[in-house]
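# Structural description and commentary
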Amino acid sequence: MIGDTEVLIVGGGPAGSAAGVALARAGRSVTIVDKATFPRDKCCGDGLTTGALRELELLGLDPNTVPSWKVTSDVWLRTPGGWTVSYPLPAGQGQYAAIAERQELDHQLLLMAKAEGATIADGHAVTDVRPRPDVVEVDAEGLGTLHANYVIAADGMWSPVRKHLGMALENYRGEWHAFRQYFSNVGPRASEDMFIWFEPEILPGYLWSFPLPGNRANVGFGIDRRKVSTQAMKTLWPELLARPHIAEVLGPDAESEGTHRAWPIPARVDEISLTAHRSFFAGDAAAATDVMSGEGIAQALWTGRWASEAILAEPDRPEAAAARYRDRVAQGLVADHKMSNLLSGVLASPLGVEFSVRTSGMSHWTRRNFARWLFEDYPRAQLFTPRRYSRGMFSRDGAYQ
Ligand SMILES: Cc1cc2nc3c(=O)[nH]c(=O)nc-3n(C[C@H](O)[C@H](O)[C@H](O)COP(=O)(O)OP(=O)(O)OC[C@H]3O[C@@H](n4cnc5c(N)ncnc54)[C@H](O)[C@@H]3O)c2cc1C
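Within every chain, residues take consecutive numbers counted from 1 along the sequence as written. Per-residue local features of the predicted model are confined to residues with pLDDT of at least 70, and side-chain atom pairs are confined, for both listing and counting, to 80 or more; whole-chain, interface and lining totals are unaffected and use all residues. In computing side-chain properties, one takes all heavy atoms of the structure into account and sets aside hydrogens as well as water.

Another aspect to go through is the packing of aromatic side chains. Any Phe, Tyr or Trp ring, taking Trp's six-membered ring, that has another such ring centre within 6.5 Å forms a pair; planes under 30 degrees apart are called stacked, those over 60 apart edge-to-face, and the others tilted. For the structure on display, the rule yields 15 aromatic pairs. Geometrically, the ring pair formed by Trp-176 and Tyr-206 is edge-to-face, given 6.1 Å between the ring centres and 65° between the ring planes. With Trp-176 in strand β12 (residues 176-184) and Tyr-206 in strand β14 (residues 206-212), this residue pair connects regions lying 30 residues apart in the sequence. Like Tyr-206, Trp-176 is buried. Residues Phe-198 and Tyr-206 carry aromatic rings whose centres are separated by 6.2 Å and whose planes lie at 65° to one another, so their mutual orientation is edge-to-face. Relative accessibility under 20% of the residue-type maximum defines a buried residue, over 50% an exposed one, and the middle range a partly exposed one, all with a 1.4 Å probe and only protein chains included. With a relative accessible area of 7%, Phe-198 lands in the buried category. A relative accessible area of 10% means that Tyr-206 is categorised as buried. Here a set of aromatic residues connected by ring pairs shows up, and it is made of Trp-176, Phe-198, Tyr-206, Trp-208 and Phe-210. Of note, Arg-216 hangs over the ring of Tyr-182, and the distance from its end group to the ring centre comes to 5.2 Å. Lysine NZ or arginine CZ positioned within 6 Å of the ring centre and within 35 degrees of the ring normal marks a charge as sitting over the ring. When the ring centre of Trp-373 is taken as reference, the NZ or CZ atom of Arg-380 above it lies at 4.9 Å. Put simply, DSSP marks the helices as runs of H or I at least four residues long and the strands as runs of E at least two long, and each gets a number from the N terminus on.

Following this line, the structure appears as structure tokens:
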């Protein structure tokens with residue numbers, strides 16, 4: 001029986017679990033409700049940036065509990081003109097990039113929240129949310145009506161909580177749209193390294209192959225829906241996979257597992273509302289993904305943690321907690337979002353990609369530092385936000401050292 005709770009988290013993805021771990025660890029009564037029954041799949045590239053890895057380490061996740069966890073240190077970029085460069089991440093200093101199947105990763109994170117004392121109610125969809133003077137009232141299938149002092153809406157791209165609170169953006173379908181498919185029996189290169197192909201028709205989007213254990217790979221491509229139509233994606237998918245430089249990396253025996261899946265990616269954290277009556281939007285529900293790369297796991301973990309910190313700091317003053325959360329997100333993500341938007345504009349043209357990749361690939365030093373920046377080892381707009389400087393931030397070890 002689920003009773004009323006201090007904080008109700010809607011959604012048990014990375015944003016919801018990160019918030020759940022932090023709140024339960026601080027001794028708060030917290031319930032995570034998710035419509036899916038875990039372990040559940042999430043359409044994703046499964047790529048963990050340094051930013052995500054550091055946050056997972058901070059949460060206390062043990063990578064050994066995630067069987068598909070694969071550390072990788074080389075990423076290959078190919079320009080539309082065929083220029084290919086390998087970017088090595090620092091070796092022997094911890095993890096800077098890893099791949100982990102979301103089905104396993106998200107389940108482990110939810111189990112961590114449970115172990116800290118959070119109540120988990122998976123398999124129950126939230127069907128209505130009503131603001132009341134001193135609480136939030138939430139209806140969930142099979143659970144009846146729950147009351148909470150605070151709600152964290154970590155319920156993904158389509159955020160039903162946002163909709164129920166009347167704050168959904170009309171006709172909003174995300175900035176990006178991406179396909180993903182798992183492959184078995186991939187060749188030795190796709191089994192070990194990460195590949196990013198900038199193909200002319202999908203710029204500033206790209207096609208990726210990320211390695212998984214057992215000669216498997218997560219392969220997919222994303223498009224900026226303002227530049228490429230989602231209708232074109234179905235026909236583009238087989239065409240892209242058949243291109244010789246891509247087929248060669250995947251190898252002659254690569255076999256697709258089931259059909260591909262597609263899902264939108266929201267990236268407008270600078271414009272969307274982050275709070276509403278005693279409710280905080282986190283992760284995809286806050287449109288927090290990186291607009292240049294489409295990555296959102298680190299952003300989900302950060303915003304989940306920041307929402308919980310705001311609640312912990314102001315347990316009885318919802319307006320102060322909301323202001324604190326909005327400030328934290330502005331400080332931690334908005335400048336980076338603007339920077340990514342700018343760079344995404346550069347990557348929208350083949351010439352822009354050639355210039356960026358060739359410049360960043362000039363020397364071992366530029367390649368290594370570009371790779372660290374690409375993998376969010378430090379914020380995208382770090383150079384333009386000196387207030388966020390800290391000693392040694394450009395030479396830190398990776399996570400899980
Ligand atoms: C194809 C693709 C590839 C991507 N690749 C990468 C990548 O390689 N690296 C990266 O960092 N990011 C990647 N992303 C982005 C990343 O997947 C998301 O940013 C991330 O999953 C956001 O996490 P979240 O916790 O906010 O939401 P989610 O992980 O989407 O979790 C939301 C949860 O809310 C639940 N929910 C929804 N409705 C309800 C309801 N009514 N009641 C209760 N629960 C509900 C859902 O069941 C779900 O479990 C990719 C995205 C796509 C689409």
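A separate point is the site of the ligand. As a matter of local geometry, the ligand sits amid 38 residues, with Asp-34, Gly-45, Gly-47, Val-126 and Asp-284 nearest to it. Whenever a nitrogen or oxygen atom comes within 3.5 Å of another N or O atom, the pair is scored as a polar contact, on the condition that within protein one atom can donate a hydrogen and the other can accept it, and that pairs from neighbouring residues in sequence are kept only if both atoms are in side chains. Take Asp-34: an N or O atom from its side chain is 2.6 Å from an oxygen atom of the ligand. One of the backbone N or O atoms of Ile-297 is found 2.9 Å from an oxygen atom in the ligand. Residue-level accessible areas treat just the shown protein chains as cover; the underlying method is Shrake-Rupley with a 1.4 Å probe. For the ligand, whose accessible area on its own is 1,000 Å², the fraction buried by protein is 94%. Sorting the residues of the shell around the ligand by element identifies α1 (14-25), β2 (30-34), β14, β16 (255-265) and α8 (297-313) as the ones contributing at least two each. Gly is placed with the polar residues, together with every amino acid not listed as nonpolar (Ala, Val, Leu, Ile, Met, Phe, Trp, Tyr, Cys and Pro) or charged (Asp, Glu, Lys and Arg). Residues that form the shell around the ligand fall into these classes: 19 nonpolar, 10 polar and nine charged. By convention in this text, a residue qualifies as near a molecule or strand provided that one of its non-hydrogen atoms is within 4 Å of it.

Take the pattern of salt bridges next. What makes a salt bridge here is a side-chain nitrogen of Lys or Arg within 4 Å of a carboxyl oxygen of Asp or Glu, nothing more. Under the criterion given, the structure shown has 30 salt bridges. Among the ionic pairs, Arg-25 bridges to Glu-116, the shortest N-O distance being 2.9 Å. Linking Arg-25 in helix α1 with Glu-116 in helix α3 (residues 102-116), this pair joins segments that are 91 residues apart in sequence. Assessed through its relative accessible area of 42%, Arg-25 is described here as partly exposed. On the basis of relative accessibility, which here comes to 31%, the residue Glu-116 falls in the partly exposed class. The shortest N-O distance in the salt bridge between Arg-189 and Glu-248 comes to 3.5 Å. One end of the pair, Arg-189, is in helix α5 (residues 188-192); the other, Glu-248, is in helix α7 (residues 244-250), and 59 residues separate them in sequence. Taking relative accessible area as the criterion, Arg-189 reaches 32% and is therefore assigned partly exposed. Here the salt bridges do not stand alone but share partners, grouping Asp-128, Arg-130, Arg-132, Glu-137 and Asp-139 into one network.

Note on disulfides: each one is a pair of cysteine sulfur atoms within 2.5 Å. Following the criterion strictly, the structure yields zero disulfides and no others. Here Cys-43 is not cross-linked by a disulfide; its sulfur's nearest cysteine counterpart is in Cys-44, at 7.6 Å.

Judged by pairing direction, the sheet is mixed, and its seven strands sit side by side in the order β6-β5-β13-β14-β15-β12-β16 without closing on themselves. Edge strands, defined here as strands with exactly one partner in the open sheet, are β6 (84-88) and β16. Across the sheet, the mean angle from the axis of one strand to that of its neighbour is 15°, orientation sign disregarded. Strands qualify as paired when DSSP identifies two bridges or more between them. Pairing of β12 with β16 involves eight bridges; the strand directions are antiparallel. Comment: axis = line fitted to C-alpha atoms, over the contacting stretch for helices; angle = value between 0 and 180 degrees taken between N-to-C directions.

Moving on to the environment of Asp-397. In this fold, Asp-397 is placed in the segment after α11 (364-374). On the accessibility criterion, Asp-397 (35% relative accessible area) is partly exposed. Residues Asp-397 and Ile-311, spaced 86 residues apart in sequence, show a C-alpha to C-alpha distance of 31 Å. At 3.2 Å, the side chain of Asp-397 forms a polar contact with the side chain of Gln-401.

Attention shifts here to the pairing of strand β1 (residues 5-10). For β1, a buried count of five out of six residues is recorded, marking the element as mostly surrounded by other parts of the structure. In this structure, β1 lies alongside strand β11 (residues 144-153), joined through five bridges in parallel fashion. From the neighbouring strand, Leu-8 faces β11, where its bridge partner is Val-151. Alignment of β1 against β2, held across four bridges, turns out to be parallel. Among the inter-strand pairings, Ile-9 is bridged to a residue of β2, identified as Ile-32. On the question of chirality, the crossover connecting β1 to the parallel β2 by way of α1 is right-handed. Handedness is read with the strands pointing away from the viewer; a crossover is right-handed when the path from the first strand over the helix to the second is clockwise.

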